[in-house]
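Chain and residue survey
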Amino acid sequence: MIPLVDLQAQHERIRGDVEAAAVRVLRSGRYASGPEVEAFEQQFATYCGTACAVGVNSGTSALYVALVAAGIGAGDEVVTVPFTFVATVDAIRRTGADVRFVDVDPGTLTMDPAALEAAVSRRTRAILPVHLYGQPADMDPILELARRHGLAVVEDAAQAHGARYKGRRAGSIGDAGCFSFYPTKNLSAAGEGGIIVANDPELARAARSLRSWGPTDAGGRTEAGGNYRMDEMQAAVLRVKLQHLDEWTRERRTVAERYDALLGTAVTTPSRVPGAEHVCNVYAIRSPRRDAIRAALLAARVECAVHYPAPIHLQAPYADLGYRAGAFPHAEQAAREVLSLPIYPELSEERQLAVVKAVRQAATS
Ligand SMILES: Cc1ncc(COP(=O)(O)O)c(C=O)c1O
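Basis of the calculations
- Residues numbered from 1 in each chain as written.
- Predicted model: local features only at pLDDT ≥ 70, side-chain atom pairs only at ≥ 80, totals over all residues.
- Heavy atoms only, no water.
- Pairing = 2+ DSSP bridges.
- Helix = DSSP H or I, 4+ residues; strand = E, 2+ residues; numbered from the N terminus.
- Axes fitted to C-alpha atoms, helices over the stretch in contact; angles between N-to-C directions.
- Contact = heavy atoms within 4.5 Å.
- Parallel < 35°, antiparallel > 145°, perpendicular 65-115°, else oblique.
- Left-handed = near helix turned anticlockwise from the far one by under 90°.
- Nonpolar A, V, L, I, M, F, W, Y, C, P; charged D, E, K, R; others polar.
- Domains from an automatic or database assignment.
- Salt bridge = Lys/Arg side-chain N within 4 Å of Asp/Glu carboxyl O.
- Near = heavy atom within 4 Å.
- Polar contact = N/O pair within 3.5 Å; in protein donor to acceptor, adjacent residues only side chain to side chain.
- Areas by Shrake-Rupley, 256 points an atom, 1.4 Å probe, with all protein chains shown as cover.
- Buried < 20%, exposed > 50% of the residue type's maximum accessible area, 1.4 Å probe, protein only.
- Core = buried A, V, L, I, M, F, W, Y, C linked by side-chain atoms within 4.5 Å.

1. With respect to the sheet that holds strand S3 (residues 98–101)
Spatial strand order, S1-S9-S8-S5-S4-S2-S3: 7 strands in an open sheet with mixed pairing. Of all the strands in the sheet, just strand S1 (52–56) and S3 have a single pairing partner and so form its edges. Mean inter-strand twist for the sheet, computed between neighbouring axes without regard to direction, equals 25°. This element, helix H6 (residues 139–149), spans strand S4 (124–128) and strand S5 (152–156) of the sheet and lies at about 150° to S5.

And the structure:
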C-alpha cells in the first residue's frame, strides 16, 4: 500500500535526536508546562516572525483559545468558510458566538474576499480565514475589510506551517494564527499539539491564562478557562522537528511539482492565490470523476482521502445554522470533486508514477 503520509520514514531520518529528546523529558521529571514548552514557543514565534507564541494541546484548542483571547463570545458573530475541517467551525461555536459563512473562491478554494462584505453584520467581531491544504488565503483584502469594520482576524493555519503570503508567514498576518501539530501536519508532534502565534502581548497573555484554567484572584477564578496545555514531551519533539521543517517543505514542493508535471491535464488542481507560497500539506486534485478515481487508487493499493466530503453547512450538527444545499455552490462542488493524493517529503518518484498511472486511467476512461 502506498500511504497518504509516512511518519515512519520521517522518524528514521531524525531518530537519534527525537529519541534523545524524549529520554531527556522522561528523565527530567517535568512533564507538563515547563522549559521545553517555553523554548519551543520562543523558537516557533521566531520562525513565524511574531512577538509571542502560546503552546496548547491541539489545533482545535488553539482556535478556541485564540478566539476567546481576542474577546469573542456569546452574542458575537464570526465569519468563516464552509469548506474546511470541522474544528474551524466547532471552535467558533464553543465560544458561544454565532457562525456566518462565506463561500470559497472556486479556483483557490480559500475564502472569497469578494463575498465577505455581504456577510458582515452589526454583530460581526472576527473573520477566520483558513489556509486550506497549506496555501494562504488572499489576506490583503480580508485585512482591509477587517480594519474598515474594526474586526479581529484569526488565521486557521493548521495546515500551513511555514507558508507565506506576500513575504509574511502564515499565522503572523492577522491578530492571531492557530496551528495544529496533529501527526498528518507538516510539523507534527508525537501525539497531539497546537500553538497560537500573535504580536499583541495582551492577546498572548489572555491565551496563556485561558489555556490553564483562566485568571484567578484571592476569591478564586475570575474568568472561565480550561486545560488546554501543551506537554513537555510534545514540545521537545517539536523542537527537533522544527529544525527540519524548511527542508521538508522544499521536498514536499518537489513532490507536488512532479505530480503537476505527471498529471498534465487529466485532472485540475486548486489554483494559486497571488502572492502565496504553498507548503503542500495536502495535494488535492479535482475531477467530476472523483469517485471513479478514488476506486481506481484503492484497487491499485494507493491510499487517498477526501478533504472534505461535505461542506460544514450541510452537516447534521450544523443544521441549526439554517443553511440549505445551494447556499455555497463553490464549497459544495469542491466537496464533490476533490481528492487528496499521497504526499510526504520522502515520497519516491517511483511511487508517484504508480499513483499517477491509476489517476490518469480512471480520469480519462
Ligand atoms: C483546517 C484545520 N483546522 C483545525 C484543525 C484542528 O487541529 P487539531 O486536529 O490539532 O485539533 C485541523 C486539523 O486537523 C485542520 O486541518
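Next, the rest of the story.
2. Topic: the packing of helix H1 (residues 7–28) against helix H9 (residues 245–263)
Running from N to C, H1 and H9 point in directions that differ by 150°, and their axes come no closer than 13 Å. Between H1 and H9, the interaxial angle falls into the category roughly antiparallel. The hand of the H1/H9 crossing is right-handed. In this structure, H1 contributes Gln10, Arg13 and Ile14 to the contact, and H9 contributes Glu247, Trp248 and Glu251. Classifying every residue of the contact of H1 with H9 gives 2 nonpolar, 1 polar and 3 charged.

3. Points about the domain arrangement of the protein chain
For the protein chain, the assigned domains read domain 1 (7–103 + 111–242) and domain 2 (245–364). Here the C-alpha centroids of domain 1 and domain 2 sit 24 Å apart. On the surface where domain 1 and domain 2 come into contact, there are 4 salt bridges. Here Arg13 and Glu247 are joined by a salt bridge, their closest N and O atoms 3.2 Å apart.

4. Examining the site of the ligand
In the neighbourhood of the ligand, 16 residues make up the surrounding shell, with Gly59, Thr60, Asp156, Ser180 and Lys185 lying closest. In the environment of the ligand, an oxygen atom lies 2.7 Å from a nitrogen or oxygen atom belonging to the side chain of Ser180. Between an oxygen atom of the ligand and a side-chain N or O atom of Lys185, the distance comes to 2.9 Å. Compared with its free state, where it exposes 390 Å², the ligand has 92% of that area covered by protein. Secondary-structure elements contributing two or more residues to the shell around the ligand are helix H3 (59–69) and helix H4 (86–94). The leading source of residues in the shell around the ligand is H3, at 3 residues. Residue classes in the shell around the ligand are distributed as 6 nonpolar, 8 polar and 2 charged.

5. Overview of the environment of Ser121
Inspection of the secondary structure assignment puts Ser121 in the loop between helix H5 (113–119) and S4. Between the C-alpha atoms of Ser121 and His131, which are 10 residues apart in sequence, the distance is 24 Å. Looking at Ser121, its side chain comes within polar contact range of the main-chain nitrogen of Arg123, at 3.0 Å.

6. With respect to unusual backbone geometry
Residue Tyr308 is reached from His307 by a cis peptide bond, and omega for that bond is 20°. Mapped onto the elements of the fold, Tyr308 is located in the loop between helix H10 (290–299) and helix H11 (329–337). In this structure, Leu109 is a non-glycine residue whose phi angle is positive, near 65°. With respect to the element layout, Leu109 can be found in the loop between S3 and H5. Here the phi dihedral of Tyr133 falls at roughly 70°; this positive angle occurs in a residue that is not glycine. On the secondary structure map, Tyr133 appears in the loop between S4 and H6. Judged by its relative accessible area of 3%, Tyr133 falls in the buried class.

7. Looking at the nonpolar core
Judged by nonpolar contacts, the single largest core of 94 residues is most densely connected at Phe83 and Leu297. Ranked by residues supplied to this core, first place goes to H3 with 7 residues. Split by domain, the residues of this core number at least three in each of domain 1 (7–103 + 111–242) and domain 2 (245–364). The residues contacting Phe83, other than those within four sequence positions of it, are Val104, Leu109, Leu132, Tyr133, His307, Tyr308, Ala331, Ala334, Ala335 and Val338. Membership of the second largest hydrophobic core comes to 23 residues, among which are Ala53, Ala163, Met230 and Leu245.

8. So, the pairing of S1
The buried fraction of S1 is high, at 5 of 5 residues. Covered by surrounding structure in S1 are Cys52, Val54 and Val56 together with Ala53 and Gly55, the residues of both alternating faces. In terms of strand pairing, S1 meets strand S9 (residues 194–198) through 5 bridges, oriented antiparallel. Following the sheet pairing, Gly55 is matched in S9 by Ile195.

9. Comments concerning the pairing of S9
Of all 5 residues making up S9, 5 are buried, and the element is well covered by its neighbours. Here S9 shows a buried face lined by Gly194, Ile196 and Ala198 and a second buried face lined by Ile195 and Val197. Inspection of the sheet shows strand S8 (residues 176–180) paired to S9 by 5 bridges, in the antiparallel sense. Bridging across to S9, Phe179 finds its partner in Ile195.

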